[in-house]
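Chain residues, written in single-letter form:
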Amino acid sequence: MKIDVLSLFPNMFAPMQESIIGKAIDRGSLSFSVTDFRDYTTNKHNNVDDYPFGGGAGMLLMAQPMFDAIEAIKENDDKKSAGHVVLLDPAGKKFDHTDAERLASYDHLTFVCGHYEGYDERIKTLVDEELSLGDYVLTGGELGAMVMIDATVRFLPDVLGNRESATGDSFQDGLLEYPQYTRPADFRGMKVPEVLTSGNHQKIAEWRLKESLKKTYLRRPDLLEGRQFTKEERDLLDDIKTELDEG
Ligand SMILES: C[S@@+](CC[C@H](N)C(=O)[O-])C[C@H]1O[C@@H](n2cnc3c(N)ncnc32)[C@H](O)[C@@H]1O
């Protein structure tokens, strides 16, 4: 996968060189590059922003450097494309697990990060979708882009090694993850649930499913709405509700 980012603050992307994403870049499974809008200004003061028409607080990123930066990405690409272009915007669709999985299916993504008060609306003609990190306003799109890239790249084959696996992760099958433990089995008197050391894989799988359902039911019941429950899940959920009612 190829990922391009357009930003006024390229140094903010230093963390992308670390850990699993850094390794994916080193191995060549991922190509990552950041373009600075400022390199594409044509005015003599190198300004990238200007006052909003109609007045009001703050400055807006101008259309010209943004258009030229995207056009430069297209020019440098084998297919003369910027791939699927995502604009970071608090008014966009709220990014979630399914978006990460969907974005992972593109071979080229470009993230456009706003700053200051935002951008000239006309840059929206360049983008395929607008995504938001959540219902709050960040100073710029950089942190949002990094979160989205991290969550997306985890879905690429060969990115997660043995130490990390997406299997069983929260949201993977629409449920939150069950509790996990590692050695020792008894730490300061806190014992690991016996079933996990029993070696009975069927019982372990059943315990995990039940714990996932219980956590999801208690913390994120919205995730269960509209779920097509299997008979096993339905029976386990009935047991959970009875156990909770009985205190
Ligand atoms: C200070 S914000 C501008 C907010 C804009 N005036 C508004 O009220 O919607 C600057 C930039 O940060 C990014 N940004 C801020 N909050 C975000 C969020 N929740 N999700 C995604 N991007 C965000 C966007 O790229 C935005 O253009």
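For the structure, see preceding data.
The paragraphs below set out a description of the structure included in this document. This structure is a prediction, so every number in the text was calculated from the model and none was measured.

Regarding the site of the ligand
(1) Moving on: If you check the shell around the ligand, you find 19 residues, and the closest are Leu88, Glu117, Leu133, Tyr136 and Leu138.
(2) Moving on: At 2.7 Å, a backbone N or O of glutamate 117 approaches a nitrogen atom of the ligand.
(3) Moving on: Between a nitrogen atom of the ligand and a main-chain N or O atom of tyrosine 136, the distance comes to 2.8 Å.
(4) Moving on: Coverage of the ligand by the protein chains reaches 83% of its 580 Å² of free accessible surface.
(5) Moving on: Put simply, the parts of the chain that give the shell around the ligand at least two residues each are β5 (84-94) and β7 (129-132).
(6) Moving on: Here the residues of the shell around the ligand are counted per class, giving nine nonpolar, eight polar and two charged.

Observations concerning the sheet that holds strand β6 (residues 108-112)
(1) Moving on: Across the sheet, five strands lie side by side as β2-β1-β6-β5-β7; this open sheet has parallel pairing. A single partner strand is all that each edge strand has here, and the edge strands are β2 (31-36) and β7. Within the sheet, the average angular offset between the axes of one strand and its neighbour, ignoring direction, is 30 degrees.
(2) Moving on: Judged from the five bridges that link them, strand β1 (residues 2-7) and β6 form a sheet pairing that is parallel. Along β6, the bridge assignment pairs leucine 6 with valine 112.

What about the nonpolar core?
(1) Moving on: Among the nonpolar cores identified, the biggest contains 29 residues, and Ile3, Leu30 and Phe111 are the most heavily contacted of them.
(2) Moving on: Put simply, the parts of the chain that give this core at least two residues each are β1, α1 (19-27), β5, α3 (97-103), β6 and α4 (142-153).
(3) Moving on: For this core, the element with the highest residue contribution is α4, accounting for five residues.
(4) Moving on: Those residues within four positions of phenylalanine 111 in sequence are excluded, and the remaining contacts are Ile3, Asp4, Val5, Leu6, Val86, Leu88, Leu103, Ala145, Met148 and Ile149.

Points about a nonpolar patch on the surface
(1) Moving on: Together, Phe9, Met12, Tyr116, Tyr136, Leu138 and Leu143 make up an exposed nonpolar region whose accessible area comes to about 530 Å².
(2) Moving on: Position of leucine 143 relative to the elements: it lies in helix α4.

Considering α1
(1) Moving on: Inspection of α1 places Ile21, Gly22, Ala24 and Ile25 among the buried residues, and these make up the whole buried set. In a view along the axis of α1, the buried residues occupy a sector of 160 degrees, so they form one face of it. In α1, the exposed positions that point more than 90 degrees away from the buried face belong to Ser19, Lys23 and Asp26.
(2) Moving on: In this structure, the buried side of α1 is in contact with β2 and α4.
(3) Moving on: Of the residues flanking the end of α1, it is glycine 28, one or two places downstream, whose phi is positive at about 90 degrees.

Considering the side chain of serine 7
(1) Moving on: Turning to its location among the elements, serine 7 is positioned in strand β1.
(2) Moving on: On the accessibility criterion, serine 7 (0% relative accessible area) is buried.
(3) Moving on: Contacts of serine 7, omitting those with residues within four sequence positions, involve Phe13, Val34, Thr35, Asp36, Phe37, Cys113 and Glu142.

Things to note about unusual backbone geometry
(1) Moving on: Across the junction of arginine 183 and proline 184, the peptide omega takes the value 5 degrees, indicating a cis bond.
(2) Moving on: Tracing the backbone through its elements, the reader meets proline 184 in the loop between α4 and β8 (186-187).
(3) Moving on: One non-glycine residue, serine 19, lies in positive phi territory at about 55 degrees.
(4) Moving on: Within the secondary structure, serine 19 is located in helix α1.
(5) Moving on: We classify serine 19 as exposed; its relative accessible area is 52%.
(6) Moving on: Residue phenylalanine 171 is not a glycine yet carries a positive backbone phi of 75 degrees.

Some words on the pairing of β5
Note on strand geometry: in a regular strand, side chains alternate between the two faces of the sheet.
(1) Moving on: Where β5 lies against β6, four bridges are found, and the strand directions are parallel. By the bridge assignment, leucine 87 is partnered in β6 with valine 112.
(2) Moving on: For the crossover from β5 across α3 to β6, the handedness is right-handed.
(3) Moving on: Sheet topology places β5 next to β7; five bridges connect them, and they run parallel. Pairing of leucine 87 across the sheet is with glutamate 130, part of β7.

About the cut-offs
- Residues numbered from 1 in each chain as written.
- Predicted model: local features only at pLDDT ≥ 70, side-chain atom pairs only at ≥ 80, totals over all residues.
- Heavy atoms only, no water.
- Near = heavy atom within 4 Å.
- Polar contact = N/O pair within 3.5 Å; in protein donor to acceptor, adjacent residues only side chain to side chain.
- Areas by Shrake-Rupley, 256 points an atom, 1.4 Å probe, with all protein chains shown as cover.
- Helix = DSSP H or I, 4+ residues; strand = E, 2+ residues; numbered from the N terminus.
- Nonpolar A, V, L, I, M, F, W, Y, C, P; charged D, E, K, R; others polar.
- Pairing = 2+ DSSP bridges.
- Axes fitted to C-alpha atoms, helices over the stretch in contact; angles between N-to-C directions.
- Core = buried A, V, L, I, M, F, W, Y, C linked by side-chain atoms within 4.5 Å.
- Buried < 20%, exposed > 50% of the residue type's maximum accessible area, 1.4 Å probe, protein only.
- Contact = heavy atoms within 4.5 Å.
- Patch = residues over 30% accessible without salt bridge, like charges linked within 9 Å, V, L, I, M, F, W, Y side chains within 5 Å.
- Salt bridge = Lys/Arg side-chain N within 4 Å of Asp/Glu carboxyl O.
- Arc of directions from axis to C-beta.
- Right-handed = clockwise from strand over helix to strand, strands pointing away.

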